[in-house]
Amino acid sequence: MSGGKHLAKGSQKPELPDDGILRLYSMRFCPYAHRAHLVLDAKNIPYHTIFINLTEKPEWLTDYSPLGKVPALQLTKEEGNPALIESLIIAEYLDEKYPEVPLFPKDPLKKAQEKILIERFNAVVSAMYKVFLGGSEAAPGALTEISKGLDVFEKELSTRGTPYFGGDKPGMLDYMIWPWCERSAMLKYLLPDKYEMDKERFGKLIQWRDLMINDPAVKGFYLDGETHAKFMKARRENTHDYDMLV
């Protein structure tokens, strides 16, 4: 069930049926919350979405997310209705609790190596935000950083010789880095020179990106670069148009 408008300060706590279905507190444009949607959707786990205005947070949000962040996943009454926070913790919990569609490798060493790559992707994330929020002034150095960070993943995909990092279908690494790869499409709308990925340097990653866009879990929550850019341009001016899609 999708969540419609973002609930803000002064809003009533949503009264959802006691139906044994998970509840995800999210924000439509948050890449960390996006991770949780991808894992839930890839595993075909039913859930309710409650979208949160992160500028004017509802007073009751800390009942589920002590730090006032999203994503927060509220578990079922059967489990005592606890809430989990932090995207990677939520993703790993869901993978262990719902093993029917495994996303992490079973082998402990391979799983650890995937987690290291997820951690290494943070270098790409921080460089991307320099451009997303700083624009063309920050671009030259940041674009170099992004490319250097992506080199690691291009090489990894090439070494594995598979279409996805997870093999013949997306795995946890694919889904954990996807939210920023999807958002990288906004660079051509945010920069004057219409930035595109270098086809020679990132041939494997470009093929991977084109496959990922057609993955059912990705498709279900996908927004194009122009839409992401519209939200980001407003954010630069300290205007958060959370409900621009409603």
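Residues numbered from 1 in each chain as written. Predicted model: local features only at pLDDT ≥ 70, side-chain atom pairs only at ≥ 80, totals over all residues. Heavy atoms only, no water.

Under an unreviewed UniProt entry, the protein chain has the name (Mediterranean fruit fly) hypothetical protein and belongs to Ceratitis capitata. If you open the UniProt record of the protein chain and go to Sequence similarities (unreviewed entry), you find "Belongs to the GST superfamily. Omega family." (UniProt positions renumbered as here; feature names shortened; annotations may be inferred.)

### Describing the packing of aromatic side chains
Given two aromatic rings, one states the distance between the centres and the angle between the planes to describe the pair. Following the criterion strictly, the structure yields 12 aromatic pairs and no others. A ring pair is formed by Y32 and W180, whose centres lie 4.9 Å apart and whose planes are at 70 degrees; its orientation type is edge-to-face. One end of the pair, Y32, is in helix 1 (residues 31-42); the other, W180, is in helix 6 (residues 172-183), and 148 residues separate them in sequence. Among the residues examined, Y32 registers a relative accessible area of 33% and is labelled partly exposed. Plain terms: the ring middles of F121 and W180 are 6.5 Å apart, the flat faces sit at 55 degrees to each other, and that makes the pair tilted. Of this pair, F121 sits in the loop between helix 3 (108-120) and helix 4 (122-134) while W180 sits in helix 6, and the two are 59 residues apart along the sequence. (Phe/Tyr/Trp six-rings, centres within 6.5 Å; stacked < 30°, edge-to-face > 60°. Helix = DSSP H or I, 4+ residues; strand = E, 2+ residues; numbered from the N terminus. Buried < 20%, exposed > 50% of the residue type's maximum accessible area, 1.4 Å probe, protein only.)

### Focus on the packing of helix 3 against helix 5 (residues 139-160)
Viewed as axis vectors pointing N to C, helix 3 and helix 5 meet at an angle of 150 degrees, and their least axial separation amounts to 11 Å. Judged by the inter-axis angle, helix 3 sits roughly antiparallel to helix 5. The chirality of how helix 3 crosses helix 5 is left-handed. In this structure, helix 3 contributes E114, L117 and R120 to the contact, and helix 5 contributes V152, F153, E156 and R160. (Axes fitted to C-alpha atoms, helices over the stretch in contact; angles between N-to-C directions. Parallel < 35°, antiparallel > 145°, perpendicular 65-115°, else oblique. Left-handed = near helix turned anticlockwise from the far one by under 90°. Contact = heavy atoms within 4.5 Å.)

### Structural notes on the pattern of salt bridges
Within the structure shown, the criterion is met by 12 salt bridges. Taking the shortest distance from any N to any O, the salt bridge between E92 and K111 comes out at 2.9 Å. In this pair, E92 sits in helix 2 (residues 87-97) while K111 sits in helix 3, placing the two residues 19 residues apart along the sequence. When its relative accessible area of 19% is taken as the criterion, K111 is described as buried. K111 is paired through a salt bridge with E96; the nearest N and O atoms lie 3.4 Å apart. Taken together, the positions of K111 in helix 3 and E96 in helix 2 put the pair 15 residues apart, joining distant regions of the chain. (Salt bridge = Lys/Arg side-chain N within 4 Å of Asp/Glu carboxyl O.)

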